[in-house]
Every structure is written in C-alpha cells, then in structure tokens.
Amino acid sequence: CRSSVSFQAKLLGKSNLRFASTLVFVESTKDGKIAQSSLSALSAASQLGNPVAALLAGSASGKAAEELQKNPGSASLQQIFVAEEHAYDHYFAEKVTPLTLELLKDPEYTHFVVAGSAVGKSILPRLGALLDYQPICDITKIVDATTFVRPIYAGNALATVKCSQDKKLISVRASSFPVTAGEASTASISKAPPVSQVSELAVKWEGENLVKSARPDLGSASKVVSGGRGLKNKETFDSLVTPLADSLGAAIGATRAAVDSGFCDNSLQIGQTGKVVAPDLYIGLGISGAIQHLAGMKDSKVIVAINNDQDAPIFQVADYGLIGDLNEIVPELTAKLSQI
Ligand code: FAD
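Computed from a prediction, not measured in an experiment: that's the story for all the values here.

What should I look at first to understand the packing of helix α5 (residues 234-248) against helix α9 (residues 326-338) in this one?
If you want to describe how two helices pack, look at the angle between their axes and the distance between the axes. Where α5 contacts α9, the axes come no closer than 9 Å and their chain directions differ by 25°. What the angle tells us is that α5 and α9 run roughly parallel. Between α5 and α9 lies a crossing whose hand is left-handed. Every residue of α9 that contacts α5 at Thr236, Leu240, Pro243, Leu244, Ser247 and Leu248 is listed here: Leu326, Asn327, Val330, Pro331, Leu333, Thr334, Leu337 and Ser338. Per-class residue counts for the contact of α5 with α9 are 9 nonpolar, 5 polar and no charged.

Quick look at the structure:
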C-alpha cells in the first residue's frame, strides 16, 4: 500500500455523503465467537461517524451475528449481513472477495473496513484491484472520514493520508483501536446478497494444525514476555521465559533471531514480519531492540527491558531497564512475582 498523499477520485458510484455508510468484514471462530481484531475494526468504523453494516461469512456466521448483536460496543451497527455457507468457512480470499464486492457495488458504501489480519490482508488488495481503488493499509488513527494515519518505514515514521476516492478501502491495526464498551446493537440480521459471478476455486483446504495453548493470545494479550537471542538456546528460553510469563499470566513472544535459532515457534515472532502487539506490559529478555522488532512492540504501554549491554537500543524505548545478566535477574524476578 502506497502512502501517497492524494488519490485519484473514481466515478464508480455517485459520491453522496448523505448516504455514506461503512461496511466492516467481521471474522469469527468456528464456534461463532467474534475475532477480537474484528471488534477493533468495528470500533474504528464507528469513529467514521457513518451508519455501520457488518458482513459475516461461514457456517458459524449465523451464531456469530447473534453474538455481535449482543456485543456491548456494537451500538453503531445498523445492519448485519450473513452468508451462512460452508464455502466461506476458511475465508479463502477467492470466495470472500466476490461476496464483499457484491455489497460494495452499492455506492452507499463509502468506507470498507477490515482488520489487518491475515484474512483482511488477503481480501483488501483483491478488492482494490477489482474496484480499481488504492487500499489504505494498517491505519492507526482516523483523523476524519477522509484522513488517516498509518505507520511507514517499519513504524519509524507516520504518514497522514488524505483519500479522495469515493470508496475508502481500509485495514486497521487492531492494537490501535481498543474495543469500546457501550450499548448492544439494535441491528437487523439479513442474508447477504447472492454472489453473481461464482468462480472456480483454485485452492483446496487440506487441514489445519493449530497450536493449542492456555495462554492469552499474543495479538491481544495485556501482558507479553518476549525472549531474544540473549537467551542463547531453547532450554534457557523455556526455563526463563515460560515461568516469568506464567507468574504474570502473560503471552509469550520472541524476536526473529530467537525464532530463527529454534528457541520457539515462529507464531511467537513479534515485529515487522511478525505480530504487532501493544500490551499494557511488555518485558523483553535479551533483546537488542532492532527497528524491525520495535515495529511490533513499541506501542506497548509499559516496556521493561533486561539486557547486559547498557547501550542496547531497546533501552531507548524502555520505561524500565534492568542492566545485567538475565540468567540472574529473571529467576529472581519470577520468584518475587510468584510471592505476590
Ligand atoms: P540480538 O540483536 O542478537 O540481541 C541479543 C541481545 O541480548 C543483545 O542486546 C545482548 O546484549 C543481549 N544479551 C546477550 N546475553 C545476555 C545476557 N546473558 N543477559 C542479558 N542480555 C543479554 N526481528 C524481529 O524481532 N522481528 C521481526 O519481525 C523482524 N523482521 C525483520 C525483517 C527484515 C526484513 C530484517 C532484515 C530483519 C528482521 N528482523 C526482525 C531481525 C532484526 O533485524 C534483528 O536481527 C532481531 O530483532 C534481533 O533479535 P535479538 O534482539 O533477539 O538478537
């Protein structure tokens, strides 16, 4: 997504702000729970000031729509469209894009909002290509209905993007739009319009191998303990990071160096090419603070860094720094926290 300041207006539908509406694609789990990142997308959509409609797809979408209706904070929702079909179960972009497009053909929809999740990231460029609009990716702030802020250069600069397109196709960084508690919605639930052009699916669902964990989800956890190359090996990672995370009820994260060295699974990677987190508390153990890692965690509310190099760049973003050997500091810290 380019961060150009102006875009060419398109004449696909008559721009008439009197009828401006926002459509949000809402993801849900197999058992009909709304994804946290989609609740953030709804929170962002409500800031646009237009009536909001949600689109849910997949065999659990009927149940998810009912949950969405009851969800505190859905007050701005006026309509929920449901495509309750197995065909949408795995959110293949090839299937979901034509479904979304069907609704977006209506010129009333001036904004389309999706979470910057794997699903959102795969739908948005396709919609952009089919509608011939430039998507605005990974926004972190809504200035007004046409002006958005998004990080560029791995989060080292912020671009304020003014968009004059009739339709704004937006993905949001979930951690920047906290879910607001409020009233439940009075939205009506209706069937999504049928897709007029059904194309042959070029991909096939083979299966999934989900890592089951009792820990909070890394992307939405309020506390994160993250380990870096300074932990030296997998054994130290497991024996120091895990107990500290347990004592805090925190999610576990890691740097790319730790992942590449085989200390932990790559689903734990935080950073430019990993997950973006913004917990209330982030503790980094043996992490230097490379810009690519900072891109994924520097919006954390309180950052604690433990490193034996006092010049490590992570100390420039840390609120609290402990300079010393993590092999001594971490067990002591864990023992003290366990006594609380
Ligand atoms: P290091 O930089 O090696 O730092 C280890 C730190 O541990 C040092 O500061 C050292 O002082 C400290 N240490 C060592 N021993 C001890 C001890 N006993 N006690 C206390 N401290 C100790 N990285 C990411 O994390 N996420 C990404 O998404 C990501 N994407 C990238 C994308 C691209 C295109 C590129 C080029 C790189 C990317 N990287 C990413 C890699 C990034 O540049 C760094 O290499 C990486 O973040 C470094 O990880 P680290 O801090 O664990 O390791």
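Any chance you could explain the site of the ligand here in plain terms?
Around the ligand, the structure places 26 residues, and the nearest of them are Arg229, Thr255, Thr273, Ser288 and Asn307. Between lysine 232 and the ligand, the recorded distance is 2.8 Å, taken from a side-chain N or O atom to a nitrogen atom. Between the ligand and leucine 326 there is a distance of 2.9 Å, counted from a nitrogen atom to a backbone nitrogen or oxygen. Protein burial of the ligand: of its 980 Å² of free accessible surface, 77% is covered by the chains.

What should I look at first to understand the packing of helix α3 (residues 93-104) against helix α4 (residues 118-131) in this one?
Two elements in contact, α3 and α4, have axes separated by 9 Å at closest approach and are oriented at 50°. Relative to α4, the element α3 is oriented oblique. In this structure, α3 meets α4 at a crossing whose hand is right-handed. Where α3 abuts α4, its residues Ala93, Glu94, Val96, Thr97, Thr100, Leu101 and Leu104 lie against Ser122, Ile123, Arg126, Leu127, Leu130 and Leu131. Taken together, the residues of the contact of α3 with α4 break down into 8 nonpolar, 3 polar and 2 charged.

Thresholds, definitions, all that
- Residues numbered from 1 in each chain as written.
- Predicted model: local features only at pLDDT ≥ 70, side-chain atom pairs only at ≥ 80, totals over all residues.
- Heavy atoms only, no water.
- Axes fitted to C-alpha atoms, helices over the stretch in contact; angles between N-to-C directions.
- Helix = DSSP H or I, 4+ residues; strand = E, 2+ residues; numbered from the N terminus.
- Parallel < 35°, antiparallel > 145°, perpendicular 65-115°, else oblique.
- Left-handed = near helix turned anticlockwise from the far one by under 90°.
- Contact = heavy atoms within 4.5 Å.
- Nonpolar A, V, L, I, M, F, W, Y, C, P; charged D, E, K, R; others polar.
- Near = heavy atom within 4 Å.
- Polar contact = N/O pair within 3.5 Å; in protein donor to acceptor, adjacent residues only side chain to side chain.
- Areas by Shrake-Rupley, 256 points an atom, 1.4 Å probe, with all protein chains shown as cover.

These figures capture arrangement, not role.
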